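Architecture and fold: a report
Spelled out, the chains give:
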Amino acid sequence: MRYLTAGETHGPQLTAIIEGFPSNVTLNFEDLNFQLHRRQKGYGRGRRMQIEKDTANIVGGVRHGKTTGAPIALVVVNNDWKHWTTVMGIESVEEDNEGKRRVNRPRPGHADLNGGLKYNQKDLRNILERSSARETTMRVATGAVARQFLAEFGIKVAGQVIRIGDVEAQRQELPLDDLVRITEESPVRVVDKEAEAKMIAAIDAAKEDGDTLGGIVEVIIEGVPVGLGSHVQWDRKLDGKIAQAVLSIQAFKGVEFGIGFEAAERRGSNVHDEILYTQEGGFRRATNRAGGFEGGMTTGEQIVVRGVMKPISTLYKPLQSVDIDTKEVFTAQVERSDTCAVPAAGVIMENVIAWEVANAFLDKFGGDSIEEIRANLNSFLAQVENY
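In short, a report on the structure. The shown structure was predicted, so the numbers you read here are calculated from the model rather than taken from an experiment. (Residues numbered from 1 in each chain as written. Predicted model: local features only at pLDDT ≥ 70, side-chain atom pairs only at ≥ 80, totals over all residues. Heavy atoms only, no water.)

1. Details of the sheet that holds strand β9 (residues 215-222)
If you trace the 5 strands from one edge of the open sheet to the other, you get β8-β7-β9-β15-β10, paired in antiparallel fashion. On the outer flanks of this sheet lie β8 (167-168) and β10 (252-257), each paired with one strand and no other. Bridge count between strand β7 (residues 156-164) and β8: 2 bridges; the pairing is antiparallel. Bridge pairing links Arg163 to Glu168 in β8. Against the sheet, helix α9 (residues 238-247) touches β10 and β15 (303-309), its axis set at about 155° to β10. (Pairing = 2+ DSSP bridges. Helix = DSSP H or I, 4+ residues; strand = E, 2+ residues; numbered from the N terminus. Contact = heavy atoms within 4.5 Å. Axes fitted to C-alpha atoms, helices over the stretch in contact; angles between N-to-C directions.)

In structure tokens form, the structure reads like this:
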């Protein structure tokens, strides 16, 4: 199973095509668009979220509410396109046309300069339009399809914000349904109300200073069977695939599983998870410090992943840059931006991880229809039970 996305942040639409998705999976269109709505929420977002009300239209691969096995095509229209038709149109324009809104001052922390040098583009808008986090709209849409597939097998996905700036929230061990309900009501997606108030104050202070804030988000996936992924080749390890997916999200700079980097501070006896067995429950771990993985494979415990998002690179108090035409020092150009997108980034992270887990699930229990996959899963579970 794979997908491709296309489209620019100020272009007419964003598009995704999913290939290899099984047939007879019921898709709830409201649930799909709910994930897109979640991505646009969160304290600290900018004016773009007031312009766009993202809704995915399915234009292929679904009939009468169920997937057919054909490629699924998704489209999200950019409402702001009407203001950018000249700037982002496909028609040729005069070289000196003022309507192009050419970008010639790269922004530190963005793809602008590297992309311009790589693709030999003298208008850096050709880079920033695609490298923008607006692209994650379609990754959330594809992840929303994947998590509906996972739900068919009782697999749940949840997330919470752990840190914004220097404010850390107490990590909550809650049933996933409770975690989803509480964080969905929080503007910064935390359970800890004291931390919530401090995070909002920190975002307000950063906005006042023309600055930005990053943070840490955590995603938990529950109900995953043992044995997704594989130890036999490096590129089949599921935790490695999840790490790559998380780090591919714009502005993410780190990822960890379970206790993560804290393992470096502990002795081995306080890192590894002891194995238990009961007649009723079979094999399980006494703890889950590994975050649901050993040897690149799922253990059957919760998958627990944390990602680190740096502060957004576009500052309203811009940093120094260099004009690519004159090579003179200037302050970087400013595009519309957020002060803090950590709560929204958590939603993106949930969905890119859901995609990777669904893909590994299909790799293990593959079939062309949901019925065939379910039969394969049941056969494997019987094998595990009789081990």
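2. Quick notes on empty space enclosed by the protein
Leftover empty space is mapped by rolling, across the atoms, a probe with the size of a water molecule. This structure, assessed with the given rule, holds 2 cavities of 30 Å³ or more. Approximately 40 Å³ is the volume found for the second largest cavity. Lining the second largest cavity we find Gly159, Gln160, Val161, Arg189, Val217, Glu218, Pro343, Gly346 and Glu350. Elements with a minimum of two residues in the lining of the second largest cavity: β7, β9 and α10 (342-365). (1 Å grid on protein atoms, 1.4 Å probe; cavity = no way out; pocket = protein on both sides within 12 Å on 5 of 7 lines; lining within 4 Å. Points joined across faces, edges and corners; volume = space filled by probe spheres on them.)

3. Considerations on the nonpolar core
One finds Phe149 and Ile353 to be the most contacted residues of the largest nonpolar core, which totals 75 residues. The leading source of residues in this core is α10, at 14 residues. Discounting chain neighbours no more than four positions away, the residues touching Ile353 are Val219, Ile221, Ile242, Val246 and Val305. (Core = buried A, V, L, I, M, F, W, Y, C linked by side-chain atoms within 4.5 Å. Buried < 20%, exposed > 50% of the residue type's maximum accessible area, 1.4 Å probe, protein only.)

4. Considerations on the pattern of salt bridges
One pass over the full model with this rule turns up 25 salt bridges. Of the charged contacts, one joins Glu19 and Arg2 as a salt bridge, the two residues approaching to 2.8 Å between their closest N and O atoms. On the criterion of sequence distance, the pair formed by Glu19 in strand β2 (residues 13-19) and Arg2 in strand β1 (residues 2-6) is long-range, its members being 17 residues apart. Arg2 sits in the exposed class, given a relative accessible area of 51%. Glu184 is the partner of Arg38 in a salt bridge, and the nearest nitrogen-oxygen pair spans 3.0 Å. (Salt bridge = Lys/Arg side-chain N within 4 Å of Asp/Glu carboxyl O.)

5. Thoughts on unusual backbone geometry
Phi angles above zero are rare outside glycine, and Asn120 is one such case at about 55°. Position of Asn120 among the secondary structure elements: in the loop between α4 (112-119) and α5 (125-131). Despite not being glycine, Ala251 shows a phi value in the positive range, around 80°. Here Ala251 is to be found in the loop between α9 and β10. Classification of Ala251 as partly exposed rests on a relative accessible area of 22%.

6. Looking at the packing of aromatic side chains
What the rule picks out here adds up to 10 aromatic pairs. Taking the centre distance of 5.3 Å and the plane angle of 65° together, the rings of Phe149 and Phe153 count as edge-to-face. For the pair Phe149 and Phe153, one class covers both residues: buried. Counting every residue linked through ring pairs, the aromatic cluster contains Phe21, Phe149, Phe153, Phe361, Phe365 and Phe380. The ring of Phe330 carries the charged tip of Arg105 above its face, separated from the ring centre by 3.7 Å. Stacked on the ring of Tyr119, the Lys or Arg Lys118 has its end atom at 5.3 Å from the ring centre. (Phe/Tyr/Trp six-rings, centres within 6.5 Å; stacked < 30°, edge-to-face > 60°. Lys NZ or Arg CZ within 6 Å of the ring centre and 35° of its normal.)

7. A closer look at α10
Taking 1.5 Å per residue, 24 residues should reach 34 Å; α10 reaches 34 Å between its end C-alpha atoms and fits that length. In terms of burial, α10 is a largely internal element, 21 of the 24 residues being buried. (Expected span 1.5 Å × (residues − 1).)

8. Quick word on the packing of α10 against helix α11 (residues 370-385)
The geometry of α10 relative to α11 is characterised by a closest axis approach of 9 Å and an angle of 75° between their N-to-C directions. One way to sum up the angle between α10 and α11 is to call them roughly perpendicular. Contacts between α10 and α11 involve Phe361, Leu362, Lys364 and Phe365 from the former and Ile373, Asn376, Leu377 and Phe380 from the latter. Its residues assigned to classes, the contact of α10 with α11 comprises 6 nonpolar, 1 polar and 1 charged. (Parallel < 35°, antiparallel > 145°, perpendicular 65-115°, else oblique. Nonpolar A, V, L, I, M, F, W, Y, C, P; charged D, E, K, R; others polar.)

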